[in-house]
Amino acid sequence: MKILILNGSPRKKGNVSRVLKTESDRLLKKNPSAQIIWENVSDLNFAFCHGCMACRSKGSCILPQDDAHKIEEEIKECDMLLVGTPVYWGNMNGKLKCLFDRLVAGMMGESKRGIPLPLHKGKKAIIITSCTTPFPFNYICGQSGGAVRAVREVLKSSGFKVIRKINLSNTKNR
C-alpha cells in the first residue's frame, strides 16, 4: 500500500504537519508494510496553470517538466491520499490550490461530451485542516467548512472517497 501525504502547510512543524504525522503513524500501525511518501507543497517548484486546456486532449499537462508532473505520477501510484492544509479565507492554502489546478489531467478525464470522469475510483483520502477561528465560529463563518469543501470537491471529482476529516480550530495559541 502506498500512502501519499500532501502537506499544504508552509510550517513543517505546525499543526497540520503534526496531525498528518499522527495520521500517517496510525495508518502505519494498521498497515506496517505501507510505504509513506511525504510531500511538502511549499517546497515544490512548479509553474502555475495557464488554463490552456491542452491537458484535456493530451492527458497530461503540456508545461515543461516540473514538480507538478512528479506529484501527478505519485497520485497515480498511491492507494491513499492525505491532504492537509491551513485555512486561508475559508479555503485551502494557495499553493496547494495551484498544484491541484495543474493536476487536473492526472485527476480526472473527460468524456466526448465533456463530462468529467474520475481517474482514482476506489482510492481513499483523508482531509486535515487547521484554522485559527474558534469553534463553532470556524463553521458558522465558513472557514473550516469552506476549506474542507474545496479539497473534497477536488478529491471527489477525481474519484477519491473521503473517509475521514480532521478539523483543528482555535489554533492561534497552539
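Criteria and thresholds
- Counting restarts for each chain: residues are numbered from 1 in the order of the written sequence.
- Only residues with pLDDT of 70 or above have their local features reported here, since the model is predicted, and side-chain atom pairs are shown and tallied only from 80 upward, although totals for entire chains, interfaces and linings are computed over all residues.
- Hydrogens and water molecules were not included; the side-chain quantities draw on all heavy atoms of the structure.
- Being paired, for any two strands, means DSSP has found at least two bridges between them.
- Only DSSP runs of H or I with at least four residues qualify as helices, and only runs of E with at least two residues qualify as strands; both kinds are numbered from the N terminus onward.
- Where helices are involved, their axes are fitted lines through C-alpha atoms of the stretch in contact, as for all axes, and angles between N-to-C directions lie from 0 to 180°.
- Residues belong to one nonpolar core when they are buried, are Ala, Val, Leu, Ile, Met, Phe, Trp, Tyr or Cys, and are joined through side-chain atoms within 4.5 Å.
- Burial classes follow relative accessibility: with a 1.4 Å probe on protein chains only, a residue under 20% of its type's maximum area counts as buried, one over 50% as exposed, and anything between as partly exposed.
- Residues are treated as being in contact if the distance between any of their heavy atoms lies within 4.5 Å.
- Ring pairs are drawn from Phe, Tyr and Trp, using the six-membered ring of Trp, whenever the two centres fall within 6.5 Å, and their geometry is named by plane angle: stacked under 30 degrees, edge-to-face over 60, tilted for the rest.

Draft legend 1. Just the sheet that holds strand β1 (residues 2-7), in detail. Pairing is parallel across the open sheet formed by 5 strands, whose spatial order is β2-β1-β3-β6-β7. Only two strands of the sheet have a single neighbouring strand rather than two, namely β2 (35-40) and β7 (161-168). Ignoring which end each strand starts from, the neighbouring axes of this sheet average 15° apart. For β1 and β2, the ladder comprises 6 bridges, and the chain directions are parallel.

Draft legend 2. Structural view of the nonpolar core. Counting 26 residues, the largest nonpolar core has Leu6, Leu81, Leu99, Phe100 and Leu155 as the members making the most contacts within it. When contributions to this core are tallied by element, the ones reaching two or more residues are β1, α3 (67-77), β3 (80-86), α4 (94-102), β6 (124-130) and α7 (143-157). If we skip the residues at most four places from it in the chain, Leu155 touches Leu81, Val83, Ala125, Ile127, Phe160 and Val162. Of all hydrophobic cores here, the second largest spans 13 residues; its members include Ala34, Met80, Leu82 and Ile166.

Draft legend 3. Inspection of the environment of Ile166 at higher detail. Here Ile166 is to be found in strand β7. With a relative accessible area of 15%, Ile166 lands in the buried category. Linking Ile166 and Glu153, residues 13 residues apart in sequence, is a C-alpha distance of 16 Å. Look past the residues within four positions of Ile166 in its chain and what remains in contact with it is Val19, Glu23, Ile127, Ile128 and Thr129.

Draft legend 4. Local environment of the environment of Glu110. Along the chain, the position of Glu110 falls in strand β4 (residues 108-110). Along the backbone, Glu110 and Arg56 are 54 residues apart, and their C-alpha atoms lie at a distance of 7.0 Å. Excluding its chain neighbours within four sequence positions, the residues that come into contact with Glu110 are Arg56, Ile115 and Leu117.

Draft legend 5. Layout of the packing of aromatic side chains. Summed over the entire model, instances satisfying the criterion amount to 1 aromatic pair. With 6.3 Å between their ring centres and 80° between their planes, Phe135 and Tyr139 make a pair best called edge-to-face. For Tyr139, a relative accessible area of 39% puts it in the partly exposed group.

Draft legend 6. Representation of unusual backbone geometry within the structure. The peptide bond linking Phe135 to Pro136 adopts the cis configuration, its omega dihedral lying at 0°. In this structure, Pro136 sits in the loop between β6 and α6 (137-140). Even without being a glycine, Trp89 presents a positive backbone phi close to 50°. Residue position: Trp89 is located in the loop between β3 and α4. Judged by relative accessible area, which is 85%, Trp89 ranks as exposed. Unusually for a residue other than glycine, Asn170 sits at a positive phi of about 55°. Note on placement: Asn170 falls in the segment after β7. On the basis of relative accessible area, Asn170 is assigned to the partly exposed category, the value being 41%.

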